[in-house]
Amino acid sequence: MKSNNTVEASKITLTELMLPSHSNFSGKIHGGYLLKLMDQIAFASASKYSGCYCVTASVDTVDFLNPVEVGELVTLKASVNYVGSSSMVVGIRVDSENIQTGVKKHCNSSYFTMVAKNESGNNTKVPTLEIKSLEEVRRFFDAVRKINQKKKLKTLEEKFDHTSEESLASLKNYNVILDL
């Protein structure tokens, strides 16, 4: 395994024509199908970067910004934005293009945390990330910020007592009926 690697070495682009078999009941491309493609490209990017088999540890929010139509080309672009000791954050952007009109839409972006595994299935060290541009610096710090926000949220969730009088009283602010 290399001791260090570049963001460029992790870049992957995947383009696929959206077929009727990929659609949901409303005739748009099924979000689950797009998630499957995103997971595949995250795996490819992380594995290419690390030189190891990688698994998905978590997926950050995926907001579907624009629907994808049958017959459009979907292009996914991925690269490693952050590395830990065995984990990598892979940034993914999904765009669609109407082949007839040339109109392009940004459909979603997300971040997948991938973990490198050795032959025994244990976590294994990944190469140090070589950052070569200010854009790569920005993406790295965006990932650091998201990781820190996730840790703070987890701490808040662990401290929250849903059985407290205050918590139960706050339910009146929601569209629920408390019937204990």
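Structure first, text after, so check above.
Calculation notes
Residues numbered from 1 in each chain as written. Predicted model: local features only at pLDDT ≥ 70, side-chain atom pairs only at ≥ 80, totals over all residues. Heavy atoms only, no water. Phe/Tyr/Trp six-rings, centres within 6.5 Å; stacked < 30°, edge-to-face > 60°. Helix = DSSP H or I, 4+ residues; strand = E, 2+ residues; numbered from the N terminus. Buried < 20%, exposed > 50% of the residue type's maximum accessible area, 1.4 Å probe, protein only. Pairing = 2+ DSSP bridges. Axes fitted to C-alpha atoms, helices over the stretch in contact; angles between N-to-C directions. Contact = heavy atoms within 4.5 Å. Core = buried A, V, L, I, M, F, W, Y, C linked by side-chain atoms within 4.5 Å. Salt bridge = Lys/Arg side-chain N within 4 Å of Asp/Glu carboxyl O.

A. Focus on the packing of aromatic side chains. Following the criterion strictly, the structure yields three aromatic pairs and no others. Relative to Phe140, the ring of Tyr82 has its centre 5.2 Å away and its plane inclined at 35 degrees; by these criteria the two rings are tilted. Residue Tyr82 is located in strand S4 (residues 73–83), and its partner Phe140 is located in helix H2 (residues 134–159); the two are separated by 58 residues in the primary sequence. By relative accessible area, which is 18% here, Tyr82 ends up buried. Each member of the aromatic cluster is reached from another via a ring pair, and the members are Tyr82, Phe140 and Phe141.

B. How the structure looks around the sheet that holds strand S5 (residues 87–97). Taken in spatial order, the five strands make up an open sheet running S2-S4-S5-S6-S3, and their pairing is antiparallel. Lying at the two open borders of the sheet, with one neighbouring strand each, are strand S2 (12–17) and strand S3 (53–59). Across this sheet, the average inter-strand angle for adjacent strands is 30 degrees, counted without regard to direction. Sheet topology note: the S3/strand S6 (residues 104–117) ladder contains six bridges and is antiparallel. When the bridges of S6 are listed, Thr56 appears paired with Met114. Those strands touched by helix H1 (residues 31–50) are S2, S3, S4, S5 and S6, and its axis lies near 45 degrees from that of S4. Of the strands in this sheet, S3, S4, S5 and S6 touch H2, which is tilted by about 75 degrees from S4.

C. How the structure looks around the nonpolar core. Leu76, Met88, Val90, Ile92 and Met114 are the most contacted members of the largest nonpolar core, which totals 34 residues. Elements represented by at least two residues in this core include exactly H1, S4, S5, S6 and H2. For this core, the element with the highest residue contribution is H1, accounting for eight residues. In contact with Met114, other than residues within four places in its own chain, are Ala42, Phe43, Ala46, Cys54, Val55, Thr56, Ala57, Ser86, Ser87, Met88 and Val90.

D. How the structure looks around the pairing of S5. Where S4 meets S5, ten bridges bridge the pair, whose relative direction is antiparallel. In the sheet register, Ala78 faces S5, and the bridge partner there is Ile92. Note that S5 and S6 share eleven bridges and pair antiparallel. Its bridge partner being in S6, Val94 is matched across the sheet by Asn108.

E. Structural view of the pattern of salt bridges. In total, this model carries ten salt bridges according to the counting rule given. Between Arg139 and Glu135 there is a salt bridge whose closest N-O contact spans 3.1 Å. Here the residue Arg139 and the residue Glu135 both occupy positions in helix H2, the gap between them amounting to four residues, near one helical turn. What makes Arg139 partly exposed here is its relative accessible area of 34%.

None of the figures reported here should be taken as evidence of function without further support.
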